[in-house]
Amino acid sequence: MARRRLSTDALEAGVLAGDRGLLARAITLVESTRAADAAQANDLMERLLPHTGGAWRVGISGVPGVGKSTLLDALGMFLLEQGRRPAVLAVDPSSALSGGSILGDKTRMERLASDPRAFIRPSPAAQTLGGVARRSHETLLLCEAAGFDVVLVETVGVGQSETLVADLVDTFVLLLLPGAGDELQGIKRGIVELADVLAVNKCDADRSKAKRAALEYRAALHYLRPRTPGWTPTVGLLSGETGEGLPELWAGVAAHRDALQAGGTLERQRADQLGRRLWQLLREGLMSAFRGRDGADSALAAMEESVRSGTKTPGRAAEELLANFAQRG
Ligand SMILES: Nc1nc2c(ncn2[C@@H]2O[C@H](COP(=O)(O)OP(=O)(O)OP(=O)(O)O)[C@@H](O)[C@H]2O)c(=O)[nH]1
Ligand SMILES: [Mg+2]
């Protein structure tokens, strides 16, 4: 689908005016992998930089099926009622199947998707890195420049995505399932450690089970070090479907926000995130420069084969490849 390229002026003005169509075009630009687009995207981001930073950035995570999309719809509507302007960056698991153009998830965020005051940007799960879209950081900033004052970032809970999303947002909300408390013994421990606000979702289905899970998580959290100094993560009961526990969930987010703002922690956290973003982009850029040279693929494949068959050490192979890269620039 070849569309006329929009000028940076037009995109800048459109985003600043809060035009959702032009915001979507700007996001498509920053997501593009073409070199010409990347240059324009950097220009645009630089111009918009003074208009960013104004939103509260909230990550919503949890295992597939925990109810993230259902909650985002309810939370988005709740925020609209409070006069906020929410934007949602969603990861859409279903659109991976259809090639990613149509928002299968819109059925789960029906109310919010049809409200002209809100903005939803889906990313097909297939195009994400560990459940976080490649350009979520920039997309989030674009939403801020467009005047959205709460940006909700959904991620599929597949392990590494939580670390990535914690690098992106101010407050990290983790949804849990009732009866899944024993997950704490295993891999989820590291994820729970990152969470600022936790909620046992689907409490409408089995309240006593949900209550028990919340107690277990609360007890376990005592042994974990909170991400924000002076903040004790909260564990509430929630139903994205009935809306029960929603005001309490948001109150938890607001309280965490206050804790972050006290003592300049928020500024430091955002500065750290920017620093890490630079390194991330550098790594990405170096890798693509490394792989993008003529004949790089076959040279790499040959070298890898030598390493796999034991005729070359990995160290020597890396040394030779890097020397070659440095020489040819
Ligand atoms: N009983 C109950 N069911 C819920 C609730 N929230 C979501 N569900 C159901 O759980 C299923 C998954 O909900 P989603 O909102 O799509 O969950 P998700 O976490 O976005 O799932 P993925 O995007 O696939 O990772 C759906 O069938 C929902 O109807 C809830 O609060 N209570
Ligand atoms: Mg979902």
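Above this text you will find the structure in question.
So, how was this worked out
Residues numbered from 1 in each chain as written. Chains lettered and ligands numbered in written order. Predicted model: local features only at pLDDT ≥ 70, side-chain atom pairs only at ≥ 80, totals over all residues. Heavy atoms only, no water. Core = buried A, V, L, I, M, F, W, Y, C linked by side-chain atoms within 4.5 Å. Buried < 20%, exposed > 50% of the residue type's maximum accessible area, 1.4 Å probe, protein only. Domains from an automatic or database assignment. Contact = heavy atoms within 4.5 Å. Near = heavy atom within 4 Å. Polar contact = N/O pair within 3.5 Å; in protein donor to acceptor, adjacent residues only side chain to side chain. Areas by Shrake-Rupley, 256 points an atom, 1.4 Å probe, with all protein chains shown as cover. Helix = DSSP H or I, 4+ residues; strand = E, 2+ residues; numbered from the N terminus. Nonpolar A, V, L, I, M, F, W, Y, C, P; charged D, E, K, R; others polar. Arc of directions from axis to C-beta. Donors = N, O, S within 2.8 Å, 3.2 Å for Na, K, Ca; no water. Pairing = 2+ DSSP bridges.

## Considering the nonpolar core
Step number 1: The biggest cluster of nonpolar side chains holds 46 residues, and the ones touching the most others in it are Leu 23, Leu 142, Cys 143, Val 153 and Leu 198.
Step number 2: Built from parts of two domains, this core gets at least three residues from each of domain 1 (1–51) and domain 2 (52–263).
Step number 3: Residues in contact with Leu 198, not counting those within four places in the same chain, are Leu 174, Leu 176, Val 192, Leu 221, Pro 233, Thr 234, Val 235 and Gly 236.

## Regarding the site of ligand 1
Step number 1: For ligand 1, the set of nearby residues contains 17 residues, the closest of which are Lys 68, Ser 69, Thr 70, Arg 108 and Asp 204.
Step number 2: Within the backbone of Lys 68, an N or O atom sits 2.8 Å from an oxygen atom of ligand 1.
Step number 3: Its free accessible area being 650 Å², ligand 1 has 79% of it covered by the protein chains.
Step number 4: Per element, the largest residue contribution to the shell around ligand 1 is three residues, and it comes from helix 4 (residues 68–81).
Step number 5: Classifying every residue of the shell around ligand 1 gives four nonpolar, seven polar and six charged.

## A short note on helix 1 (residues 8–16)
Step number 1: Those residues of helix 1 lying buried are Thr 8, Leu 11, Glu 12, Gly 14 and Val 15. Projected down its long axis, helix 1 carries its buried residues within an arc of 165°, all on one side.

## Regarding the coordination of the magnesium ion (ligand 2)
For a metal with four tetrahedral donors the ideal donor-metal-donor angle is 109.5 degrees, whereas six octahedral donors ideally subtend 90 or 180 degrees.
Step number 1: With distances of 2.1 to 2.6 Å, the protein atoms coordinating the magnesium ion (ligand 2) are Ser 69 (OG) and Glu 154 (OE). Taken together, the positions of Ser 69 in helix 4 and Glu 154 in strand 6 (residues 150–154) put the pair 85 residues apart, joining distant regions of the chain. As far as the burial class goes, Ser 69 and Glu 154 line up, both buried.

## A closer look at the pairing of strand 7 (residues 171–176)
Step number 1: By the criterion of burial, strand 7 is predominantly enclosed, with six of the six residues buried.
Step number 2: Side chains Thr 171, Val 173 and Leu 175 project from strand 7 onto one buried face, and the interleaved Phe 172, Leu 174 and Leu 176 project onto a second face that is buried too.
Step number 3: As paired strands, strand 1 (residues 56–61) and strand 7 are joined by four bridges and run parallel to one another. Paired with Gly 59 across the two strands is Phe 172, which belongs to strand 7.
Step number 4: The pairing of strand 7 with strand 8 (residues 197–200) spans four bridges and is parallel. Bridging from a neighbouring strand, Leu 175 pairs with Ala 199 of strand 8.

Just distances and angles here, no functional claims.
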